[in-house]
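Examining the three-dimensional arrangement
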Amino acid sequence: MTERKDSKLWGGRFERAPDARFGAFQRSLVFDRRLLPQEIAVDRAWAKALEQIGIFTATEVKETLAALDKIAQRAESDPAWVESFGADAEDVHHFVEKALVEELGPLGWRLHTGRSRNELVATDFRLFVICAAAQTKSSLFALINALLAQAKGKLGVPMAGMTHMQHAQPILLSHFLLAHAEAFTRDLTRLQNAAASADACPMGSGALAGNSFAIDRAAIACDLGFSKITANSLDAVSDRDFALDYLFALSGVATHLSRIAEDFVLFASQEFSYVILPDEYSTGSSLMPQKKNPDCWELIRGKTGRITGALVGLLTTLKGLPTGYQRDLQEDKEALFSAHDQVDDMLAIATGAIKTTAFRDDRLRSLASDPALLATEAADYLVRKGVPFRQAHDLVGKILKEAESQQKLWTELPLDELRRISPAFAEDFASGLTIEGAVESKKVPGGTALESVRAAIVDLESRLPREAGAK
Ligand code: ARG
């Protein structure tokens with residue numbers, strides 16, 4: 001038998017080379033090269049573990065670690081080298097082995113002792129997701145802070161709160177902004193959960209059955225920053241639940257972004273005119289000179305589809321897989337990378353747009369002054385005078401109908417007309433009937449009264465996880 005000199009990963013039992021088109025079809029280096037930093041980290045930990053069980057001498061491990069560092073540096077400073085040197089490499093794992101052999105000769109082939117690409121890819125991908133989730137958390141934290149800053153700056157500005165897209169009751173603009181901030185804090189928790197589900201190290205699982213060299217799995221996990229090892233080798237090589245969890249968390253972020261986007265698209269319309277769109281985040285029309293379009297929000301809303309699509313795509317890939325590693329699993333990466341990148345852009349752009357949006361307090365206040373918004377206050381007034389709520393609701397309905405038939409605002413009806421409908425109305429009624437009064441009456445925790453909103457800001461700030469503010 002001759003000593004092998006090529007850098008192929010497999011082929012001993014093959015007579016013919018792969019079909020060229022199939023060769024390209026099955027390669028993943030084009031996208032999994034993104035896992036190179038994780039791959040190198042895992043290789044380093046594995047090399048040290050091989051020394052502990054006597055596969056590598058101290059010198060060999062030193063040489064291997066130095067070569068791995070060199071490969072990492074070269075790949076970082078010269079991305080074109082990855083492409084050219086890796087032109088015939090199947091994936092990132094093959095690429096590093098090829099580069100190691102180039103550096104070290106046959107010693108480079110020893111690193112793969114007792115391990116499989118199946119466990120490597122699962123480990124690399126888990127490390128990626130842990131890091132990606134932390135990055136998304138800090139981008140989300142920036143957005144929550146931008147919402148908080150606007151909420152603090154706009155304290156006291158009323159707006160027409162809506163249900164079913166119809167004027168409902170007056171609220172504070174800050175209350176509206178904090179509603180979105182609250183939704184985003186739930187996403188922080190989901191991202192945290194995704195990172196927690198990725199936090200177990202598969203190394204030592206082999207291709208499916210485990211490791212026969214008594215490798216120290218706990219030491220490798222610890223070296224890589226995992227808090228534990230995976231429990232079952234067969235499960236570990238095919239489990240992508242951590243990727244699903246991350247995609248679910250990203251879908252949550254994107255969905256919340258899409259909802260705030262919808263609000264701001266409406267707010268920027270001539271009908272609402274609640275906001276002046278920042279030039280930095282808007283575009284014009286090639287035809288209509290007057291146009292300033294809320295494209296940043298429309299694109300955020302539009303791109304949400306592909307984030308949800310990535311989640312559904314991976315669920316679909318996983319649903320029919322038999323036990324153990326299957327090559328279908330290679331499909332897990334591209335959509336997740338892209339979803340991560342998209343959400344990162346969406347968060348940065350939403351944060352910038354929130355920071356630079358000018359609210360038109362006059363316009364918000366004027367729409368909040370619609371007397372219809374105070375109808376519930378009138379019913380509550382009657383309740384305070386002892387009228388049962390259902391009856392009060394009905395009486396106010398009659399007042400509204402009467403005003404409509406007289407083509408008047410209901411707040412213009414004189415007290416004696418109101419008293420004809422219900423004698424419970426008294427002198428103190430009209431004076432208490434203001435937007436401010438309506439807003440201020442919602443003093444419960446979580447309500448829209450100024451003091452409740454102030455307390456909500458303090459509460460939200462105290463709940464924001466410290467680690468999310470790392471960036
Ligand atoms: N490129 C593969 C992936 O992303 C790595 C594992 C390949 N394993 C194998 N036995 N072909 O899933």
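So, here is what we can say about the structure in this document. Since the model is a prediction, treat every value here as computed from it, not as a measurement.

About the criteria used
Residues numbered from 1 in each chain as written. Predicted model: local features only at pLDDT ≥ 70, side-chain atom pairs only at ≥ 80, totals over all residues. Heavy atoms only, no water. Helix = DSSP H or I, 4+ residues; strand = E, 2+ residues; numbered from the N terminus. Expected span 1.5 Å × (residues − 1). Buried < 20%, exposed > 50% of the residue type's maximum accessible area, 1.4 Å probe, protein only. Axes fitted to C-alpha atoms, helices over the stretch in contact; angles between N-to-C directions. Parallel < 35°, antiparallel > 145°, perpendicular 65-115°, else oblique. Left-handed = near helix turned anticlockwise from the far one by under 90°. Contact = heavy atoms within 4.5 Å. Nonpolar A, V, L, I, M, F, W, Y, C, P; charged D, E, K, R; others polar. Near = heavy atom within 4 Å. Polar contact = N/O pair within 3.5 Å; in protein donor to acceptor, adjacent residues only side chain to side chain. Areas by Shrake-Rupley, 256 points an atom, 1.4 Å probe, with all protein chains shown as cover.

With 28 residues, helix 11 (residues 241-268) should reach 40 Å at 1.5 Å per residue; the first-to-last C-alpha distance of 40 Å fits that figure. Counting buried residues along helix 11, 21 of its 28 residues qualify, which places the element largely inside the surrounding structure.

Here we come to the packing of helix 7 (residues 117-153) against helix 20 (residues 450-463). Two numbers describe how helix 7 lies on helix 20: the axes approach to 11 Å, and their chain directions differ by 160°. On the basis of the axis angle, helix 7 is roughly antiparallel to helix 20. Helix 20 is crossed by helix 7, and the crossing has left-handed handedness. Residue-level contacts link I144, L148, A151 and K152 of helix 7 to I457, L460 and E461 of helix 20. A breakdown of the residues in the contact of helix 7 with helix 20 according to their chemical character gives 5 nonpolar, no polar and 2 charged.

Turning our eyes to something else, we now look at the environment of D124. Following the sequence through the fold, D124 ends up in helix 7. Taking C-alpha positions, D124 is 14 Å from E334, a pair spaced 210 residues apart along the chain. Leaving out residues up to four positions away in the same chain, D124 has contacts with L35, Q38, E39, V42, V92 and H93.

Take the site of the ligand next. Close to the ligand lie S28, D32, D91, H93, R117, N118, V121, Y325, Q330 and K333. Note that a nitrogen atom of the ligand is positioned 3.2 Å from one of the side-chain N or O atoms of S28. The contact in question runs from a nitrogen atom of the ligand to an N or O atom on the side chain of D91, over 3.2 Å. For the ligand, whose free accessible area comes to 340 Å², the fraction covered by protein is 86%. Among the elements that take part in the shell around the ligand, helix 7 stands out by supplying 3 residues, more than any other.

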